[in-house]
Amino acid sequence: MNKPSDPPQNDSNLQRLVVHGQLVGLYDQMLGEVDIVQVLQHTTQVVRQVLGAERATTYLVRPDTQELVSTAVIGNVSRTIRVPIREDSLAGYCALTGRSFVIPDAYGDLGAIDPKLRADHSWDEMNGFRTRDVRCAPATFKGELMGVVQVINGKQRPFCEDDLLPLQSVSHFVAYALYHARVHDELVTLKGLEKEK
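The rules behind these values
Residues numbered from 1 in each chain as written. Predicted model: local features only at pLDDT ≥ 70, side-chain atom pairs only at ≥ 80, totals over all residues. Heavy atoms only, no water. Helix = DSSP H or I, 4+ residues; strand = E, 2+ residues; numbered from the N terminus. Buried < 20%, exposed > 50% of the residue type's maximum accessible area, 1.4 Å probe, protein only. Contact = heavy atoms within 4.5 Å. Pairing = 2+ DSSP bridges. Phe/Tyr/Trp six-rings, centres within 6.5 Å; stacked < 30°, edge-to-face > 60°. Salt bridge = Lys/Arg side-chain N within 4 Å of Asp/Glu carboxyl O.

**Here's the deal with the overall build of the chain**
And then number 1: The number of helices and strands found in the chain is five helices and six strands.
And then number 2: Secondary structure elements of the chain, listed N to C terminal, follow the sequence α-α-β-β-β-α-β-α-β-β-α.
And then number 3: Expressed as a percentage of its 197 residues, the buried residues of the chain come to 40%.
And then number 4: Here the analysis covers contacts within the chain between residues at least 6 apart in sequence; of these, 59% occur between residues at least 24 apart.

Below, the structure written as structure tokens:
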């Protein structure tokens, strides 16, 4: 007599299980860093690896300047990236609206997401790169926007709506890593002020 088989799982469920399994192993690595620049670079590597993307960027929200800040290593040089929180960049729009979204064609019509949304292709032009597909998610911790996670060019296939849930799962971990680094930075600043007194 045949044993009943387990119920079939769709690709989305399998991807979710794989992502969660990988995150459990990588979470400690993200939290091992407390320097904010290192956190941004490390979480970017983790996100790219876990989500199977060519590139990824983790942005930190700077409420005082209304911009997103990150770092990118080009060659051996670390460069700061600054993106205004407004509708003329994908990450800026994600921070402005708090919405997660997938763009299957970065050079196509973005009106289905928002008629005011614009993609900034200057980074592609500067680096000789072609952004094909993008997914973005806000990284929030306890209701506070800590940053934005942006993933570019799926390695296996273009991103689709089914890819949003794994990205949102990852963004929760990233938000906590950013929060952890910010608290550490605030404690260091506080200790410095105490010494000055």
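Text resumes after the structure shown.
**What about the pairing of strand 6 (residues 144-154)?**
And then number 1: Of all 11 residues making up strand 6, nine are buried, and the element is well covered by its neighbours.
And then number 2: Alignment of strand 1 (residues 53-62) against strand 6, held across seven bridges, turns out to be antiparallel. Bridge pairing links A56 to V151 in strand 6.
And then number 3: Sheet topology places strand 5 (residues 134-141) next to strand 6; eight bridges connect them, and they run antiparallel. Within strand 6, the residue paired with A137 across the bridge is V149.

**So, the packing of aromatic side chains**
And then number 1: Enumeration over the complete set of coordinates arrives at four aromatic pairs.
And then number 2: Pairing Y93 with F101 gives two aromatic rings, centres 5.7 Å apart and planes at 65°, and the pair type is edge-to-face. Take Y93 and F101: they sit in the same class, and that class is buried.
And then number 3: Taking the centre distance of 5.2 Å and the plane angle of 55° together, the rings of F141 and Y176 count as tilted.

**Topic: unusual backbone geometry**
And then number 1: At Q66, a residue that is not glycine, the phi angle is positive and equals roughly 55°.
And then number 2: Tracing the backbone through its elements, the reader meets Q66 in the loop between strand 1 and strand 2 (67-74).
And then number 3: Backbone geometry places K142, a non-glycine residue, at a positive phi of 50°.
And then number 4: Taking relative accessible area as the criterion, K142 reaches 76% and is therefore assigned exposed.

**A look at the pairing of strand 5**
And then number 1: Within strand 5, seven of the eight residues are buried, which leaves the element mostly enclosed by the surrounding structure.
And then number 2: Pairing between strand 4 (residues 101-103) and strand 5: three bridges, direction antiparallel. Looking across to strand 5, one finds that I103 is bridged to V134.
And then number 3: If you look at the hairpin formed by strand 5 and strand 6, you'll find two residues sitting between the two strands, and K142 has a positive phi there, around 50°.

**Quick word on the pattern of salt bridges**
And then number 1: Taken as a whole and judged by the stated rule, the model has seven salt bridges.
And then number 2: Here R62 makes a salt bridge to D64, at a shortest N to O gap of 2.9 Å.
And then number 3: Since its relative accessible area comes to 32%, R62 is described here as partly exposed.
And then number 4: With a shortest N-O distance of 3.6 Å, K116 and E87 are connected by a salt bridge. With K116 in the loop between strand 4 and helix 4 (122-127) and E87 in the loop between strand 3 (77-84) and helix 3 (90-97), the pair connects residues that are 29 residues apart, well separated along the chain.
And then number 5: Looking at K116, the relative accessible area reads 51%, which means it is exposed.
And then number 6: The class of E87 is partly exposed, set by a relative accessible area of 26%.

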